[in-house]
Amino acid sequence: MSRFTLLLALIAAPAFAQDKTDSAAERPWSVSLTGGITAVQAQADQPFGSLSVKRDIGDAYVRGAITYVGSGDARGLVIPADSWIGTLGAGGSFGDLSLDGYVNFGRRSFEPARLRTQAGTAVNLDRSGGLFGIGATLTYDIAAGDRLFVSPFVGVDYNSIDFSVAVIGPGGNVINALDDKADGVTGTGGVAITHLFAGDGGSISLSGALSTASNIAAVGQLGQRTGSALPRFVQNGNDADSWGEVAGTISFNVSQSVAIDLSVIQTIGFAFGDTTAGSATLRFAF
């Protein structure tokens, strides 16, 4: 799961409790406002926000969203970039089996980084790049009690991302800036445990997953490359890697038409530094 996919999955996390009630049929439309921040180890803490519209159609749904991801407090030689991401998604339930799919498309606008080489030459890092993603998740709900569900899931994502990198020479000096692009496929498998409470008006869910990427550069990158003995551009494309993710979500209905979702996702063993993403969502059904 890419970092953008991770954010969008957190933003679009389904409201398990509310969708299971009859009010979903009475109010098939919903609008969601989400805000949050992703703390990136040794990098920038990135704020994000999203506006989405969802339409339930029987046991299926369609959804559209626009998401903004900010540069945050970029530190060191990380190259700041603001991103706008559009998402189209759809899914449906077939008994206890659910299928969800999405496509992302967007643009990254790199902020001018005022860096100079050891010789005093200005390095131009002002560049825009695109991003694209497509993926699907298959989930099977197993009733473990009147209000307890165990839901194993598997997913696959394809991601393509443009980025700029600063090339670092001996002694940690910036010697150049290069544009790069990476794409790759990520597979994810895990399980979620969900408990309904408050007369089925709320839910709490915990999940764990393991992800494997064919190209870790498509999932996340530092925005810098280092050289040891000689100035060089260190390629890390097509390097596979695996990491874990744990997540928690609590959802509750304020009224028949208003609900709140609170979510946290933590990566474990991510190659470019682990991330902790938290968000709050306010949903209006009508």
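Residues numbered from 1 in each chain as written. Predicted model: local features only at pLDDT ≥ 70, side-chain atom pairs only at ≥ 80, totals over all residues. Heavy atoms only, no water.

Visitor: Where do I start with the overall build of the protein chain in this structure?
Guide: Per the secondary structure count, the protein chain includes 3 helices and 16 strands. Considering the protein chain as a whole, with its 286 residues, one finds that 45% of them fall into the buried category. Taking the contacts inside the protein chain whose residues are at least 6 apart along the sequence as the reference set, 60% of them involve residues at least 24 apart. With an accessible surface of roughly 13,300 Å², the protein chain has 61% of that area assigned to carbon and sulfur atoms. (Helix = DSSP H or I, 4+ residues; strand = E, 2+ residues; numbered from the N terminus. Buried < 20%, exposed > 50% of the residue type's maximum accessible area, 1.4 Å probe, protein only. Contact = heavy atoms within 4.5 Å. Areas by Shrake-Rupley, 256 points an atom, 1.4 Å probe, with all protein chains shown as cover.)

Visitor: Hey, could you run me through the pairing of strand S14 (residues 241-253) in this one?
Guide: Within a regular strand, the side chains alternate between the two sheet faces. In this structure, strand S12 (residues 202-213) lies alongside S14, joined through 12 bridges in antiparallel fashion. Its bridge partner lying in S14, Ser205 is registered against Thr249. As defined by bridge partners, S14 adjoins strand S15 (residues 258-268) across 10 bridges and the pair is classed as antiparallel. Pairing of Gly248 across the sheet is with Val264, part of S15. Connecting the antiparallel pair S14 and S15 is a turn made up of 4 residues. (Pairing = 2+ DSSP bridges.)

Visitor: Can you help me understand the nonpolar core in this one?
Guide: Soluble globular proteins: nonpolar side chains tend toward being buried together. The biggest cluster of nonpolar side chains holds 6 residues, and these are Ala213, Ile216, Val219, Trp243, Phe270 and Phe272. Residues Ile161, Phe163, Ala182 and Ala217 belong to the second largest nonpolar core, which totals 5 residues. (Core = buried A, V, L, I, M, F, W, Y, C linked by side-chain atoms within 4.5 Å.)

Visitor: Can you walk me through the packing of aromatic side chains in this structure?
Guide: The geometry of an aromatic ring pair is captured by the separation of the ring centres together with the interplanar angle, meaning the angle of the planes. Enumeration over the complete set of coordinates arrives at 4 aromatic pairs. On the basis of an interplanar angle of 10° and a centroid distance of 6.5 Å, the ring pair of Trp29 and Phe286 is categorised as stacked. Here Phe286 lies in the segment after strand S16 (275-285) and Trp29 lies in strand S1 (residues 29-40), a separation of 257 residues in the sequence. Between the aromatic rings of Trp243 and Phe270, the centroid separation amounts to 5.0 Å while the plane-to-plane angle is 85°, which identifies the pairing as edge-to-face. Taken together, the residues span a long stretch of sequence, with Trp243 in strand S14 and Phe270 in the loop between S15 and S16 at a distance of 27 residues. Taken as a pair, Trp243 and Phe270 share a single burial class, namely buried. A cation over an aromatic ring shows up here: Lys54 above the ring of Tyr61, its NZ or CZ 5.0 Å from the ring centre. (Phe/Tyr/Trp six-rings, centres within 6.5 Å; stacked < 30°, edge-to-face > 60°. Lys NZ or Arg CZ within 6 Å of the ring centre and 35° of its normal.)

Visitor: Explain the side chain of Asn104 here, please?
Guide: Turning to its location among the elements, Asn104 is positioned in strand S5 (residues 97-110). Here Asn104 falls in the buried class, since its relative accessible area comes to 3%. Within the structure, the side chain of Asn104 is placed 2.7 Å from the side chain of Thr87, a separation counted as a polar contact. (Polar contact = N/O pair within 3.5 Å; in protein donor to acceptor, adjacent residues only side chain to side chain.)

Visitor: Sorry if this is basic, but what is going on with a nonpolar patch on the surface here?
Guide: Taken together, the side chains of Phe94, Leu97, Leu99, Leu138, Tyr140, Ile142 and Val154 present a nonpolar region at the surface, about 620 Å² in accessible area. Those elements that place two or more of their residues in the nonpolar patch are S5 and strand S8 (128-140). Tracing the sequence through the fold places Leu97 in strand S5. Taking the relative accessible area as the measure of exposure, Leu97 reaches 31% and is therefore partly exposed. (Patch = residues over 30% accessible without salt bridge, like charges linked within 9 Å, V, L, I, M, F, W, Y side chains within 5 Å. Salt bridge = Lys/Arg side-chain N within 4 Å of Asp/Glu carboxyl O.)

Visitor: Would you explain the confidence of the model for the protein chain in this entry?
Guide: Segments scoring low in pLDDT should not have their predicted coordinates read at a detailed level. When pLDDT is averaged along the protein chain, the result is 80; 69% of the residues meet or exceed 70. When pLDDT is averaged over each element of the protein chain, strand S9 (residues 142-143) comes out on top at 96 and strand S13 (residues 224-226) at the bottom at 42. Considering only residues more than four positions removed or in separate chains, one finds that residues 17-21, a stretch of pLDDT under 50, has 15 contacts. Of the regions scoring below 50 in pLDDT, residues 222-235 engages in 41 contacts with residues more than four places distant in sequence or in other chains. (pLDDT = per-residue confidence, 0-100.)

Visitor: Explanation requested: the pattern of salt bridges in the structure shown.
Guide: Two side chains of opposite charge can pair, provided their charged atoms sit close to one another. Taken as a whole, this structure holds 3 salt bridges when the rule is applied. A salt bridge links Asp261 to Arg283; the nearest nitrogen and oxygen atoms lie 2.6 Å apart. Within this pair, whereas Asp261 is found in strand S15, its partner Arg283 is found in strand S16, the two being separated by 22 residues in sequence. With a relative accessible area of 6%, Asp261 lands in the buried category. On the accessibility criterion, Arg283 (8% relative accessible area) is buried.

Visitor: I would appreciate a short explanation of the environment of Ala90 in the present structure.
Guide: Considering the arrangement of structural elements, one finds Ala90 in strand S4 (residues 81-94). Residue classification places Ala90 among the partly exposed positions, given a relative accessible area of 35%. Separated by 28 residues in the primary sequence, Ala90 and Val62 place their C-alpha atoms 4.3 Å from one another. Contact partners of Ala90, with chain neighbours within four places excluded, come to Tyr61, Val62, Leu99, Asp100 and Gly101.

Visitor: Sorry if this is basic, but what is going on with the environment of Ala144 here?
Guide: Of note, Ala144 is situated in the loop between S9 and strand S10 (148-168). Taking the C-alpha atoms as reference points, Ala144 and Ile193, separated by 49 residues in sequence, lie 9.5 Å from one another.

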